[in-house]
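Listed below are the residues making up each chain.
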Amino acid sequence: MTDMKIIVAIKQVPERDAPLRIDSAAQWIGESGLRYAMNEPDAYALEEALRLKESAGTEGEVVAVSAGPERVGTTLREALAKGADRAIHIVCGDLASRDALAVARLLAAAIQPENPSLVLTGLQSEDLGQGQTGVILAELLGLPHASLIVQAEMTATGLKVKRELEEGWFQFIELPAPAVLTIQSGGNKLRYATLMGIKRAKTKPVRTLAAADLGLASAPAVILDQVTLPQKQKSTQMLSGSAEEAAAALVEKLKFEAKVL
Amino acid sequence: MSGILVVQEARKDGNTRAFQETLAAGRVLAGYTGLEIEAAGVGDSNSNLFAEFIGPPPAAAHAIEHPLLSRYTSDGYVLAFEQLIRKLQPAYAVFPHSYQARDFVPRLATRFSQALISDVTAIESGPAFVRQLFQGKMNAVYRHPGGGPCFVSIQSGAFRPDGTSGGVTTIDHFTPEIDAAQIRTRPGDPFRASAQTVDLGSAQRIVGVGRGIKDAANLPLVQDLASALGAELAASRPICDNGWLPMERQVGSSGQTVAPKLYVAAGISGAIQHLVGIKGSQCIVAINKDRDAPIFEVADYGIAGDLFEVLPALTAAVKKAK
Ligand SMILES: Cc1cc2nc3c(=O)[nH]c(=O)nc-3n(C[C@H](O)[C@H](O)[C@H](O)COP(=O)(O)OP(=O)(O)OC[C@H]3O[C@@H](n4cnc5c(N)ncnc54)[C@H](O)[C@@H]3O)c2cc1C
């Protein structure tokens, strides 16, 4: 078997607890002052990639790819610190205004020349949540795919993966490699970067590609017109005061109004 | 046809709830565009694929038949729907946002140089499609610039099927060309992970804990409240992903569906995949330090505060009230 080369597509997203506000054009969120982190499902994809490489035992490579502005570099360094061997940064300042197809095209253009044995992504991003990038990528690369995967193993003929279905059901799927898998959370425990890993990451190669060099931008297939705040559907009774006051008031309500105690 | 094609997920036992909701979404779209609705689904001619419609039936229904489609595969479904859509040329193709649709529709849309507008919660005039961003913290309004079919998938529970049922429609059979070699994946039979030892589905009171609990070591805080209430303990996905509670206690689209009299959500943000599991609850209480957390959208009662203060106080108050 030739050396295994696994590409992991990783997105940088606002930190989960970051306070969000809509930007002045109401077409995205205000990005200044925001803190960013690795999209969690992508962290699981990276974890799966590192484990597959380790269990193969042969010489192999895990390559992290991310599209986004300069700040994305910190997330790629994090991937390198956790064990990825090198990284590709597609420098792109207008990611939020590109649709899923356009973003997948950028990734595909960067991944294609690598001739990977496997491509992994998280099943969806925590910001846009479209859940499409990996599946579109498979189509653009002409590869088979499986989505919502919690476990993957290389076999003599390709891959055997465990796919999550609704309501606690699963199924195994066999498919030939190379393939694209979108990874669901929870299949593995995420590793932390070690101090040694962080130190090593500084010397690992990060190649930058300009989005403009990866093919002509095409007309958008869909347009994000406006970002809005959700309208409250239900009138929630908020109980205020100190923790003790709110708790006492809640128990009253549950007992005498909702009658569920 | 240049109309709206509403897609039924493959089932052998008649129209699913998801299909009726997708059809309801199709009708909203029809209201804004004046287009006619047709339905499509994979199923053999003997199955009652389109048994009964809630509300007015579609103008026609297309049963896609092929022996290679007896088991769902993304390759098979992409080929089949690609051919049907090229033949019918609908302006819109509307799917339920199911695990199956997530798996093949983005690939299908790519064949038409289109991008799916996924997990849509509302359709407005334009037409404009509303979907959630940041796990429900914000909404985004999307438009389709036209030219080629617009692919849309509909969030479960977002559109209500209404009207009398019983209408019928003509069923047209469509046989796509598929070669066995074009199907690259080999799916196995579905199975359940582990024996279920807790039945959250019949619990009367449930305390659900989320990532706000920060560490497994803090779980006694929710366990104490649960025992004071005589409630079962449940959790959001990250808690089970981390192994802090067993997976059988996970509530939501990939876990259990519950319908207690009382559901207390502590440190749970309220992502749709969690909400679908709890929407049958009679009374929902949310405790969250973020006043704008989407969980408050569905809660009857809310305390905007730090669960590390609120939970002990609530446990004490419940005990006192007994
Ligand atoms: C295909 C798919 C299936 C999924 N299935 C499920 C499923 O079955 N069940 C499920 O739950 N999820 C599921 N998810 C995941 C889901 O999208 C969310 O990521 C998850 O529900 C978030 O869990 P959480 O609310 O506990 O965590 P978070 O979203 O991180 O929310 C934590 C909350 O805690 C609050 N908090 C933090 N500290 C405190 C404090 N001190 N006091 C009070 N509040 C605090 C925060 O304000 C925040 O609102 C699924 C996702 C996908 C893509």
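No experiment lies behind these values; they were computed from the predicted model shown.

K.L.:
I'd like a description of the domain arrangement of chain B, backed by residues and values.
P.N.:
All names here are of chain B. Split by domain assignment, chain B resolves into domain 1 (4–182) and domain 2 (200–321). With centres defined by C-alpha atoms, the gap from domain 1 to domain 2 works out at 34 Å. Domain 1 puts nine residues into the contact, and the matching count from domain 2 is eight residues. For the pair domain 1 and domain 2, the summed buried surface comes to about 610 Å²; carbon and sulfur atoms form 50% of the total. When the buried area of domain 1 at its contact with domain 2 is split by residue, Y99, Q135 and K137 rank highest and sum to 53% of it. Seen at the junction of domain 1 and domain 2, the total is zero residue pairs in polar contact (both at pLDDT 80 or more). Taken together, the residues of the side of domain 1 that touches domain 2 sort by class into one nonpolar, six polar and two charged.

K.L.:
Lay out empty space enclosed by the protein in plain terms, naming residues and giving numbers.
P.N.:
Here the idea is plain: a probe the size of a water molecule rolls over the atoms and shows the empty space left. Residues and elements named next belong to chain B. Applying the stated criterion across every chain yields a total of five cavities of 30 Å³ or more. Considered as a void within the structure, the largest cavity measures approximately 170 Å³ in volume. Mapped by element, the contributors of at least two residues to the lining of the largest cavity are β6 (128–133) and α6 (272–278). Among the elements that line the lining of the largest cavity, the one with the most residues is β6, at three residues. Taken together, the residues of the lining of the largest cavity sort by class into five nonpolar, eight polar and four charged.

K.L.:
Tell me about the interface of chain B and chain A, residues and numbers included.
P.N.:
Contact residues are listed per partner, giving 76 residues for chain B and 88 residues for chain A. Buried surface at the junction of chain B and chain A, summed over both partners, amounts to about 7300 Å²; 55% is from carbon and sulfur atoms. The three residues of chain B that bury the most area against chain A are Y99, F134 and Y301 of chain B, which together make up 11% of that side's buried surface. In this assembly, chain B and chain A are joined by seven salt bridges. Residue E40 of chain A is joined to R211 of chain B by a salt bridge in which the shortest nitrogen-to-oxygen separation is 2.9 Å. Where chain B touches chain A, the interface holds 42 residue pairs in polar contact (both at pLDDT 80 or more). Looking at the side of chain B that touches chain A residue by residue, the class counts come to 33 nonpolar, 22 polar and 21 charged.

K.L.:
Give a description of the site of the ligand that names residues and reports values.
P.N.:
Around the ligand, the structure places 33 residues, and the nearest of them are S236, V251, S254, S269 and N288 of chain B. More than a single chain frames the ligand: its nearby residues are located in chains A and B. Taking Q273 of chain B, its side chain carries an N or O atom lying 2.8 Å from an oxygen atom of the ligand. Against a free-state accessible area of 980 Å², the protein chains account for coverage of 94% of the ligand. Those elements that provide at least two residues to the shell around the ligand are α5 (237–241), α6 and α8 (307–321) of chain B.

K.L.:
Run through the nonpolar core, naming residues and quoting values.
P.N.:
All names here are of chain B. Counting 45 residues, the largest nonpolar core has I4, F129, L133 and Y142 as its most contacted members. Per-element accounting of this core gives the leading share, six residues, to helix α1 (residues 17–33). Setting aside residues no more than four positions away along its own chain, I4 makes contact with G26, L29, A30, T33, L35, E36, I37, E38, Y92 and V94. In this structure, I213, L219, A226 and A231 belong to the second largest nonpolar core, which totals 39 residues.

K.L.:
Now, about the pattern of salt bridges: what can you tell me, with residues and values included?
P.N.:
Residues and elements named next belong to chain A. Considering all chains together, one arrives at 30 salt bridges over all chains under this definition. Among the ionic pairs, R71 bridges to E31, the shortest N-O distance being 2.8 Å. Of this pair, R71 sits in the loop between β4 (60–68) and α2 (72–82) while E31 sits in the loop between β2 (12–14) and β3 (36–38), and the two are 40 residues apart along the sequence. Of the residues examined, E31 reaches a relative accessible area of 32% and is grouped as partly exposed. Between E114 and R86 there is a salt bridge, and its shortest N-O distance comes to 2.7 Å. With E114 in the loop between α3 (100–111) and β6 (118–122) and R86 in strand β5 (residues 86–91), this residue pair connects regions lying 28 residues apart in the sequence. Accessibility assignment for this pair places E114 and R86 in one class, buried. One connected set of salt bridges, linked through shared partners, spans K5, E61, R86, E114 and R207.

K.L.:
Tell me about the sheet that holds strand β13 (residues 237–238) of chain A, and name the residues and values.
P.N.:
Spatial strand order, β13(A)-β16(B)-β15(B)-β14(B)-β12(B)-β13(B): six strands in an open sheet with parallel pairing. The open sheet has two edge strands with one neighbour each: β13 of chain A together with β13 (232–235) of chain B. Packing of α8 of chain B onto the sheet brings it into contact with β14 (262–266), β15 (283–288) and β16 (301–304) of chain B, and relative to β15 of chain B it is tilted by some 135°.

K.L.:
Describe the packing of helix α4 (residues 133–141) of chain A against helix α3 (residues 99–111) of chain B, listing the residues and the values that go with them.
P.N.:
Two numbers describe how α4 of chain A lies on α3 of chain B: the axes approach to 8 Å, and their chain directions differ by 45°. On the basis of the axis angle, α4 of chain A is oblique to α3 of chain B. Helix-helix and strand crossings are classified by hand; for α4 of chain A and α3 of chain B the assignment is right-handed. Within the contact between the two elements, α4 of chain A uses V135, I136, A138, E139 and L140 of chain A and α3 of chain B uses R102, D103, P106, R107, T110 and R111 of chain B.

What counts, and where the lines are drawn
- Residues numbered from 1 in each chain as written.
- Chains lettered and ligands numbered in written order.
- Predicted model: local features only at pLDDT ≥ 70, side-chain atom pairs only at ≥ 80, totals over all residues.
- Heavy atoms only, no water.
- Domains from an automatic or database assignment.
- Contact = heavy atoms within 4.5 Å.
- Buried area = accessible area lost by both parts, 1.4 Å probe.
- Polar contact = N/O pair within 3.5 Å; in protein donor to acceptor, adjacent residues only side chain to side chain.
- Nonpolar A, V, L, I, M, F, W, Y, C, P; charged D, E, K, R; others polar.
- 1 Å grid on protein atoms, 1.4 Å probe; cavity = no way out; pocket = protein on both sides within 12 Å on 5 of 7 lines; lining within 4 Å.
- Points joined across faces, edges and corners; volume = space filled by probe spheres on them.
- Helix = DSSP H or I, 4+ residues; strand = E, 2+ residues; numbered from the N terminus.
- Salt bridge = Lys/Arg side-chain N within 4 Å of Asp/Glu carboxyl O.
- Near = heavy atom within 4 Å.
- Areas by Shrake-Rupley, 256 points an atom, 1.4 Å probe, with all protein chains shown as cover.
- Core = buried A, V, L, I, M, F, W, Y, C linked by side-chain atoms within 4.5 Å.
- Buried < 20%, exposed > 50% of the residue type's maximum accessible area, 1.4 Å probe, protein only.
- Pairing = 2+ DSSP bridges.
- Axes fitted to C-alpha atoms, helices over the stretch in contact; angles between N-to-C directions.
- Parallel < 35°, antiparallel > 145°, perpendicular 65-115°, else oblique.
- Left-handed = near helix turned anticlockwise from the far one by under 90°.

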